[in-house]
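Architecture and fold: a report
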Protein chains: 2
Amino acid sequence: MSYTNEELMPKSEVIGILRQHQISPTQQRVEIAQILMSKPQHLCAEQVLEIVNQDRPKVSKATVYNTLGLFARKGLVQELIIDPTKVYYDSNTRHHHHFYNVDTGELVDINKEEVDVARLPNLPMGTIPDGVDVVVRVRKAS
Amino acid sequence: MSYTNEELMPKSEVIGILRQHQISPTQQRVEIAQILMSKPQHLCAEQVLEIVNQDRPKVSKATVYNTLGLFARKGLVQELIIDPTKVYYDSNTRHHHHFYNVDTGELVDINKEEVDVARLPNLPMGTIPDGVDVVVRVRKAS
DNA sequence: CTGCTTGCAAAGGCTTTGCAGAACA
DNA sequence: TGTTCTGCAAAGCCTTTGCAAGCAG
């Protein structure tokens, strides 16, 4: 996995997005957000760490974890709890769903228009909706 | 959480179910299956460990983990990857979905009839379906 | 008997945390 | 200057594994 400057969103734009989400744009946060925002993708903390530091050390592991958690709380990215061994962060914040290949761990987006969750049951008492996640598990044809 | 004998499925019946799933019925597996099969519920390994050993030590931690993994592979229970910190095992094997309270971690079943996943997109090339999980995240009304 | 299963303790992987120093306003 | 943030290392939690002893068929 390699990222050249041409593929990346300009830092100024990233800073604007961070501010919109009430996140003060430190150097490290901009570096991380720049990678995530530049295209829709699913990355775990370890992958972000590797990409952000591919040229020279820029962000520590602890900061990557803490920053991804912060971004998720602020709605900049979405946590995906699908792989039992680690959390993935989805930079696509439009409402959508996922294919999950149980053999390879691969995640693929599904546009929300391609799934009809037509009818939803009544929520448990005293709760309000927080989102609907549809995961279509697939495995390789044998 | 407490379990009396009256609430539990008879061991003979549990052994039959294990055999149907190609699982040789050792003492420990019967103990664990008996708890899981006796009613629909969502339990993590630690909870199973606690319940199975509530009177006297019967099954070790390693065996609980390995047995739950075995049961899941054999289709006796279903792994739920919803809580980011641990795996839950669902003894309800009928097709259904879940409410997940992000504040409390509470899981509640949704009958499959109460959700319409009407239209599904084409699967990625070379894959076959393995299941559809719908998670309706809710949080407490503020 | 022969292979499968168990239990213990240790190891492993992912994530969080405590705290001192650095950056920022 | 006071607050926030970062980095390092250590700790924490859930889960898996290596291996010797035990059990099932």
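Shown above is the structure to which this text applies.
Figured I'd write up the structure that's included with this text. Every chain's residues receive numbers from 1 upward, in the order its sequence appears when written. Whichever chain is written first is A, and whichever ligand is written first is 1; the rest continue in order. Per-residue local features of the predicted model are confined to residues with pLDDT of at least 70, and side-chain atom pairs are confined, for both listing and counting, to 80 or more; whole-chain, interface and lining totals are unaffected and use all residues. Hydrogens and water are ignored here; the side-chain numbers use all heavy atoms of the structure.

**Re the overall build of chain A**
The cut-off we apply is this: In this text, helices come from DSSP runs of H or I with a minimum length of four residues, and strands from runs of E with a minimum of two, each type numbered from the N-terminal end. By definition, residues are in contact when any of their heavy atoms lie within 4.5 Å. Accessible surface is estimated by sampling points in the Shrake-Rupley manner with a 1.4 Å probe; for residues, cover comes only from the protein chains shown. We score Asp and Glu as negative and Lys and Arg as positive, and we do not count His or the chain ends. For the purpose of locating charges, the reference atoms are NZ of Lys, CZ of Arg, CG of Asp and CD of Glu.
Check the secondary structure of chain A and you find four helices and six strands. Referenced to the eigenvectors of the C-alpha coordinate spread, the extents of chain A come out at roughly 50 × 45 × 25 Å. A separation threshold of at least 6 residues defines the contact pool for chain A, and within that pool the share at least 24 residues apart is 51%. Surface summary for chain A: the accessible area is close to 7900 Å², and the carbon and sulfur share equals 48%. Of note, chain A has its 16 positive side-chain charges centred 5 Å away from the centre of its 18 negative side-chain charges.

**A closer look at the packing of helix α1 (residues 11–20) of chain A against helix α2 (residues 27–37) of chain A**
Residue and element names in this part refer to chain A. Under the convention used in this document: Axis lines are fitted through C-alpha atoms, for helices just across the contact stretch, and the angle between N-to-C directions can take any value from 0 to 180 degrees. Each angle gets one of four labels, with under 35 degrees taken as roughly parallel, over 145 as roughly antiparallel, 65 to 115 as roughly perpendicular, and the rest as oblique. Lys, Arg, Asp and Glu make up the charged group, whereas Ala, Val, Leu, Ile, Met, Phe, Trp, Tyr, Cys and Pro make up the nonpolar group; the residues left over, Gly among them, are polar.
At a closest axis distance of 9 Å, the pairing of α1 and α2 adopts a crossing angle of 100°. One element, α1, and the other, α2, form an angle in the roughly perpendicular class. Here α1 contributes K11, V14, I15, I17 and L18 to the contact with α2, which in turn contributes R29, V30, E31, A33, Q34 and M37. Looking at side-chain class alone, the contact of α1 with α2 contains seven nonpolar, one polar and three charged residues.

**Quick look at the interface of chain A and chain B**
Our working rule: Salt bridges are identified by distance alone: a Lys or Arg side-chain nitrogen within 4 Å of an Asp or Glu carboxyl oxygen. Think of a polar contact as two N or O atoms within 3.5 Å of one another; within protein, one of them needs to be a possible hydrogen donor and the other a possible acceptor, and neighboring residues in sequence only count if both atoms come from side chains. For two strands to pair, DSSP has to find at least two bridges joining them.
On the side of chain B, 37 residues touch chain A, which itself brings 37 residues to the contact. For the pair chain A and chain B, the interface holds six salt bridges. The partner of D130 of chain A in a salt bridge is R139 of chain B, and the shortest N-O contact between them spans 2.8 Å. At the surface where chain A touches chain B, the tally comes to 14 residue pairs in polar contact (both at pLDDT 80 or more). Among the elements of the structure, β4 (96–101) and β6 (127–140) of chain A are those that each provide at least two residues to the side of chain A that touches chain B. Considering each element in turn, the side of chain A that touches chain B owes the most residues, 14 residues, to β6 of chain A. Tallied by class, residues from the side of chain A that touches chain B come to 21 nonpolar, six polar and 10 charged. As judged from the 13 bridges shared by β6 of chain A and strand β6 (residues 127–140) of chain B, these two strands associate in the antiparallel manner. Its bridge partner lying in β6 of chain B, V132 of chain A is registered against V136 of chain B.

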